[in-house]
Amino acid sequence: QKEVEQDPGPLSVPEGAIVSLNCTYSNSAFQYFMWYRQYSRKGPELLMYTYSSGNKEDGRFTAQVDKSSKYISLFIRDSQPSDSATYLCAMKYGNQFYFGTGTSLTVIP
Amino acid sequence: NAGVMQNPRHLVRRRGQEARLRCSPMKGHSHVYWYRQLPEEGLKFMVYLQKENIIDESGMPKERFSAEFPKEGPSILRIQQVVRGDSAAYFCASSPLHGNTEAFFGQGTRLTVV
């Protein structure tokens, strides 16, 4: 069993839709939770991070963590074509970041 | 404020040659991570360094791979006697403090072994 599971998609939505991206994890020791966005052939770009259960909002993005269920989500409101990318969840424990395999998102104009 | 700089962006090596990948962290950052990304497999941790010290190399293959972060200059990931299976994108990330949750990635070096 992988430590971080993420549905690879691909996910295709119309412009303006609400997007929900999810990850589950198995290691209850994970303390910090992050979402990265990666455009094709580019490096991952940090979008959001949080360390507690609950919601954190930043503009059109909301990160949600449920430690009891070992489940994290990223919601994107009013999705734009420029949001088309691969979204990686990541979790930190000790010295390492543990990444999901990424969900490919396409927002259709 | 320049981001994490990696070079070269693309590197082609023949089997048996050495590959050297360089990473300059963000200004003020003293900790560097190296990750490898293979298609469909996500980012895999390789090594975590601070200047002049390897903190965690548990993700590094036991042979042919080494990393350093000298007092002056960039961090170097060295792969000796490359094989086709080493072909991948190698990403460096930096953070300002040990244990800091925010790590910022470079654009990566895409290594192709022919």
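Overview of the structure. (Residues numbered from 1 in each chain as written. Chains lettered and ligands numbered in written order. Predicted model: local features only at pLDDT ≥ 70, side-chain atom pairs only at ≥ 80, totals over all residues. Heavy atoms only, no water.)

At the interface, 18 residues of chain A touch 26 residues of chain B. Of all elements in the fold, only β4 (32–38), β5 (45–50), β9 (85–93) and β10 (96–99) of chain A reach the threshold of two or more residues within the side of chain A that touches chain B. The element best represented in the side of chain A that touches chain B is β4(A), accounting for four residues. For the side of chain A that touches chain B, the per-class residue count stands at nine nonpolar, six polar and three charged. (Contact = heavy atoms within 4.5 Å. Helix = DSSP H or I, 4+ residues; strand = E, 2+ residues; numbered from the N terminus. Nonpolar A, V, L, I, M, F, W, Y, C, P; charged D, E, K, R; others polar.)

What follows is about the pattern of salt bridges. Between side chains of opposite charge, pairing is possible as soon as their charged atoms come close. Counted by the stated rule, this structure contains six salt bridges over all chains. Linking A:Glu57 and A:Arg77 is a salt bridge whose minimum nitrogen-to-oxygen distance equals 3.4 Å. A residue pair is termed long-range when its members are at least 10 positions apart, and A:Glu57 in strand β6 (residues 54–58) and A:Arg77 in the loop between β8 (71–76) and β9 qualify at 20 residues. What emerges from the salt-bridge pattern is a single network uniting B:Glu18, B:Arg20 and B:Arg78. (Salt bridge = Lys/Arg side-chain N within 4 Å of Asp/Glu carboxyl O.)

Take unusual backbone geometry next. Along the chain, A:Gly9 connects to A:Pro10 via a cis peptide bond; the corresponding omega equals 10°. Secondary-structure assignment places A:Pro10 in the loop between β1 (4–6) and β2 (11–14). For B:Glu52, which is not glycine, the phi torsion reads 65° and is therefore positive. Summarising the element assignment, B:Glu52 is placed in the loop between β5 (42–50) and β6 (53–56). At B:Gln81, a position not held by glycine, the phi torsion is positive, near 50°.

A few words on the nonpolar core. Formed by 25 residues in total, the largest nonpolar core has its most connected members in A:Trp35, A:Ile72, A:Leu74, A:Ile76, A:Tyr87 and A:Met91. Where this core is concerned, the elements lending two or more residues are β3 (19–25), β4, β5, β7 (61–66), β8, β9 and β11 (103–108) of chain A. (Core = buried A, V, L, I, M, F, W, Y, C linked by side-chain atoms within 4.5 Å. Buried < 20%, exposed > 50% of the residue type's maximum accessible area, 1.4 Å probe, protein only.)

All names here are of chain A. Evaluated as defined, the whole model comprises two disulfides over all chains. The disulfide bridge from Cys23 ends at Cys89, spanning 2.0 Å between sulfur atoms. Classification of the bridge connecting Cys23 and Cys89 rests on its S-S torsion, roughly -100°, and on that basis the disulfide is left-handed. Within this pair, whereas Cys23 is found in strand β3, its partner Cys89 is found in strand β9, the two being separated by 66 residues in sequence. (Disulfide = S-S within 2.5 Å.)

Before going further, it helps to spend a moment on the packing of aromatic side chains. This structure, assessed with the given rule, holds 12 aromatic pairs over all chains. Taking the centre distance of 5.4 Å and the plane angle of 90° together, the rings of A:Tyr36 and B:Phe105 count as edge-to-face. Note that A:Tyr36 is positioned in strand β4 and B:Phe105 in strand β10 (residues 104–105), a pairing that runs across two chains. Neither residue differs from the other here; A:Tyr36 and B:Phe105 are each classed as buried. The structure contains a cluster of three or more aromatic residues connected by ring pairs, namely A:Tyr36, A:Phe99, B:Tyr35, B:Phe45 and B:Phe105. Across from the ring centre of A:Tyr49, 4.5 Å away, lies the NZ or CZ of A:Lys56, which sits over that ring. In this structure, A:Lys92 is placed above the aromatic ring of A:Phe97, and the distance from its NZ or CZ to the ring centre is 5.4 Å. (Phe/Tyr/Trp six-rings, centres within 6.5 Å; stacked < 30°, edge-to-face > 60°. Lys NZ or Arg CZ within 6 Å of the ring centre and 35° of its normal.)

This brings us to the side chain of A:Thr103. Residues and elements named next belong to chain A. Following the sequence through the fold, Thr103 ends up in strand β11. In terms of polar contacts, Thr103 uses its side chain to reach the backbone carbonyl oxygen of Asp7, at 2.4 Å. In this structure, Thr103 is in contact with Gln6, Asp7, Pro8, Gly9, Leu11, Leu21, Ala85, Thr86 and Tyr87, ignoring residues within four places of it in sequence. (Polar contact = N/O pair within 3.5 Å; in protein donor to acceptor, adjacent residues only side chain to side chain.)

All names here are of chain A. Within the open sheet, the five strands sit side by side as β1-β3-β8-β7-β6. Their pairing is antiparallel. Because the sheet does not close on itself, it has two edges, and the strands there are β1 and β6. Each adjacent strand pair in this sheet contributes to an overall mean axis angle of 20°, direction not counted. (Pairing = 2+ DSSP bridges. Axes fitted to C-alpha atoms, helices over the stretch in contact; angles between N-to-C directions.)

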